[in-house]
Amino acid sequence: MKRTSIGGQAVIEGVMMRGKTIYAMAVRNPEGGITLEEQSCTGLSKKYKIFTLPIFRGMAAFVDSLVTGTKIMMRSAEIAGEGIMEEEEGEPSKFEKWIMDKFGDKVNDAIIYISVFLSVIMSVALFFMLPVWLGGFFKNIVPTWGLGIVEGIIRISIFLVYIFAISKMKEIQRVFQYHGAEHKTINCFEKELPLTVENVKTCTRLHKRCGTSFLLLVMIISMVVLFFVQTDNIALRLLSRIILVPFIAGLSYEVIKWAGSSDNKLVAAISYPGLCLQKITTSEPDSGQIETAIAAMQKVLEVEGDDSKKIEE
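Described in the following lines is the structure provided in the data block. Just so it is clear, the structure is predicted and the values come from calculations on it, not from any experiment. For every chain, the first residue of the written sequence is number 1, and numbering continues from 1 along that sequence. For a predicted model such as this one, the threshold for reporting local features is a pLDDT of at least 70, and the threshold for listing and counting side-chain atom pairs is 80 or more; totals across whole chains, interfaces and linings nevertheless cover every residue. The side-chain values count all of the structure's non-hydrogen atoms but skip hydrogen atoms and water molecules.

## Some points on the sheet that holds strand E3 (residues 14-18)
Argument step 1. Should DSSP find at least two bridges between two strands, the strands are regarded as paired. Labels follow the DSSP assignment, with helices taken as runs of H or I lasting at least four residues and strands as runs of E lasting at least two, numbered in each case from the N terminus. Here four strands make up an open sheet; going across it, the order is E2-E3-E4-E5 and the pairing antiparallel. Only two strands of the sheet have a single partner each, and these edge strands are strand E2 (7-11) and strand E5 (34-40). The mean inter-strand angle of the sheet, taken between neighbouring strand axes irrespective of direction, is 15 degrees.
Argument step 2. Where E2 and E3 come together, five bridges link them in antiparallel fashion. Paired with Gln 9 across the strands is Met 16, a residue of E3.
Argument step 3. For this analysis, residues touch if any pair of their heavy atoms sits within 4.5 Å. Axes here refer to lines fitted to C-alpha atoms; in helices the fit is confined to the stretch in contact. Angles between the N-to-C directions go from 0 to 180 degrees. Packing of helix H2 (residues 56-80) onto the sheet brings it into contact with E2, E3, strand E4 (22-28) and E5, and relative to E4 it is tilted by some 30 degrees.
Argument step 4. Those strands touched by helix H7 (residues 170-190) are E2, E3 and E4, and its axis lies near 160 degrees from that of E2.

## Description of the nonpolar core
Soluble globular proteins: nonpolar side chains tend toward being buried together.
Argument step 1. Counting residues in each nonpolar core, the largest one holds 25 residues, and the members touching the most others are Met 17, Leu 195 and Met 297.
Argument step 2. Contributions of two or more residues to this core are made by E3, E4, H7, helix H8 (197-201) and helix H12 (287-304).
Argument step 3. Ranked by residues supplied to this core, first place goes to H12 with eight residues.
Argument step 4. Counting 14 residues, the second largest nonpolar core, distinct from the first, contains Phe 127, Ile 154, Ile 156 and Phe 159. Joining through side-chain atoms within 4.5 Å is the link that ties buried Ala, Val, Leu, Ile, Met, Phe, Trp, Tyr and Cys residues into a set, and such a set is a nonpolar core. Three exposure classes are used, based on accessible area relative to the maximum for each residue type with a 1.4 Å probe and protein chains only: buried under 20%, partly exposed in between, and exposed over 50%.

## Brief notes about the pattern of salt bridges
Argument step 1. Salt bridges are identified by distance alone: a Lys or Arg side-chain nitrogen within 4 Å of an Asp or Glu carboxyl oxygen. Summed over the entire model, instances satisfying the criterion amount to 14 salt bridges.
Argument step 2. Here Glu 254 ties to Arg 57 by a salt bridge, and the two come within 2.8 Å at their closest N and O atoms. One end of the pair, Glu 254, is in helix H10 (residues 234-260); the other, Arg 57, is in helix H2, with 197 residues separating them in the sequence.

This is the structure:
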């Protein structure tokens, strides 16, 4: 079989596929057709050479995915619900007027960066501050070196509960179907089958390079890295966790990149937990959802060609 560097993301009523130079987003619009848009890939690695190096490129990819992911989510929601938005459009609120006056033509960029900032703050609070605080209750029970493991178990537990909880939301279930369509389409391409709805349906909805697997891997690797940061001072533990997030993200990126381009027993063992979790974060898509994923993939292939390489199964 072959592997490609093309990755993707489920969006509101659609799929984004990202290549090396562009990303293409296909969204089902209110009329039932597919709106296809493409944008050049920009990010830290394009501007600064250091972010093309191992570990650093993972840090850049993590930041870029937050910004780009927020941007395309907002745009996909606009496309998918533009008819409803036009009907409900009314007098802007005082806050909306302030935002428009303050940022002018760059109001959308401002909203994106504010959203990313708030997301990061909430993530740090939920997945770092809370586990550190809860782990503090165990400092008289476990040795100092074991606090990182306790925090890691708490962090993973919070993550799993969060994933399970949002999977029950109707809107998220639709996104998970598109997530499945994205994976199945990439798997179909890597199996060297023609990109048709019938062929994509036969492929698995699980993939080793999934963002869900990446996040779980970040939490597992953080347990290993933070094992070497031993202190029972809550403030120092919290500070060390936040400071080391970029390094852990970069290291996790290298591991999942390697796993995505290799096939052996070690890779299978490392990938197994993430693949199991994907059984929750992906669902079987319908034909229309698969069509959107194929449209996005074909656009990237049209512009960039086939960048895949053969590997031994």
